[in-house]
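Structural overview
Spelled out, the chains give:
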Amino acid sequence: QQTSVGWAEEGANVPVDKVISHLFGTIPSTCQGQPGDGCFLEHDKVEMFDGHFKSISEIAIGDEIKSIRNNETVKGIVTNTLVHNINRNAFVVKINNITSEFNHPVFINGKWIPIADIGDVEQVFVEKFYNLEIDGNIENSEHNFIIGDLVVSGLGDNFYLNKKYQRQPINL
């Protein structure tokens, strides 16, 4: 069941039943249906820098993906690929032909919010979740990528990046 507290600020154009409590803090994803997770299913398509699309499970370190910086399209480099074995039910959001763990940060209207704030949450069986770290060694990167026509966080499991570029509220 969804709760009505979370990232959406007062006056935000987000229905209260779409807002999920996301007060878990910024921790690297483990993609196991636990706080801090944020991953995608194997066939979800990532937009590459050259404009074609590739399944997230087929992306390799060094691949060039489309990233956004200062409202401009830029090249992002995949610095880590993550595969997490789940093999159980997990909370997900299905939107724009992708399936995302419910709390993956997306960049909407100039703010990072959990994807659950823009889609319906459901529970499904997940074998594996996949995620990417983008530009892990580049300080002035926005560390994001495009999947399902959404700008999503590309911090991966990198503790340094997750601490420096906080995209989720801190634990209370």
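Here is what the cut-offs are and how they apply
Residues numbered from 1 in each chain as written. Predicted model: local features only at pLDDT ≥ 70, side-chain atom pairs only at ≥ 80, totals over all residues. Heavy atoms only, no water. pLDDT = per-residue confidence, 0-100. Contact = heavy atoms within 4.5 Å. Helix = DSSP H or I, 4+ residues; strand = E, 2+ residues; numbered from the N terminus. Buried < 20%, exposed > 50% of the residue type's maximum accessible area, 1.4 Å probe, protein only. Pairing = 2+ DSSP bridges. Phe/Tyr/Trp six-rings, centres within 6.5 Å; stacked < 30°, edge-to-face > 60°.

**Section: the confidence of the model for the protein chain**
Caution is warranted with low-pLDDT regions, since their predicted coordinates should not be read in detail. The predicted model of the protein chain averages 79 in pLDDT, with 74% of residues at 70 or higher. A low-confidence stretch, residues 1-36 (pLDDT under 50), is modelled with 104 contacts involving residues beyond four sequence positions or located in other chains.

**Section: unusual backbone geometry**
Working note: non-glycine residues mostly have negative phi, and peptide bonds are mostly trans. Even without a glycine there, the phi angle at Asn96 is positive, about 50 degrees. Relative to the elements of secondary structure, Asn96 occurs in the loop between strand E4 (72-95) and strand E5 (98-101). The exposure class assigned to Asn96 is partly exposed, which follows from its relative accessible area of 38%. Even without glycine at this site, Asn109 takes up a positive phi of about 50 degrees. With respect to the helices and strands, Asn109 occurs in the loop between strand E6 (105-108) and strand E7 (111-114).

**Some words on the pairing of strand E10 (residues 150-153)**
With four bridges joining them, strand E9 (residues 144-147) and E10 adopt antiparallel strand pairing. Of the residues in E10, the one forming a bridge with Phe145 is Val152. Linking E9 to E10, which pair antiparallel, is a turn of two residues; within it Gly148 sits at a positive phi near 60 degrees.

**Quick word on the packing of aromatic side chains**
If you walk through the whole model with that rule in mind, you get three aromatic pairs. With 6.2 Å between their ring centres and 85 degrees between their planes, Phe91 and Phe102 make a pair best called edge-to-face. A residue pair is termed long-range when its members are at least 10 positions apart, and Phe91 in strand E4 and Phe102 in the loop between E5 and E6 qualify at 11 residues. With a relative accessible area of 10%, Phe102 lands in the buried category. Geometrically, the ring pair formed by Phe107 and Trp112 is tilted, given 5.0 Å between the ring centres and 55 degrees between the ring planes. On the basis of relative accessibility, which here comes to 35%, the residue Phe107 falls in the partly exposed class. Judged by its relative accessible area of 19%, Trp112 falls in the buried class.

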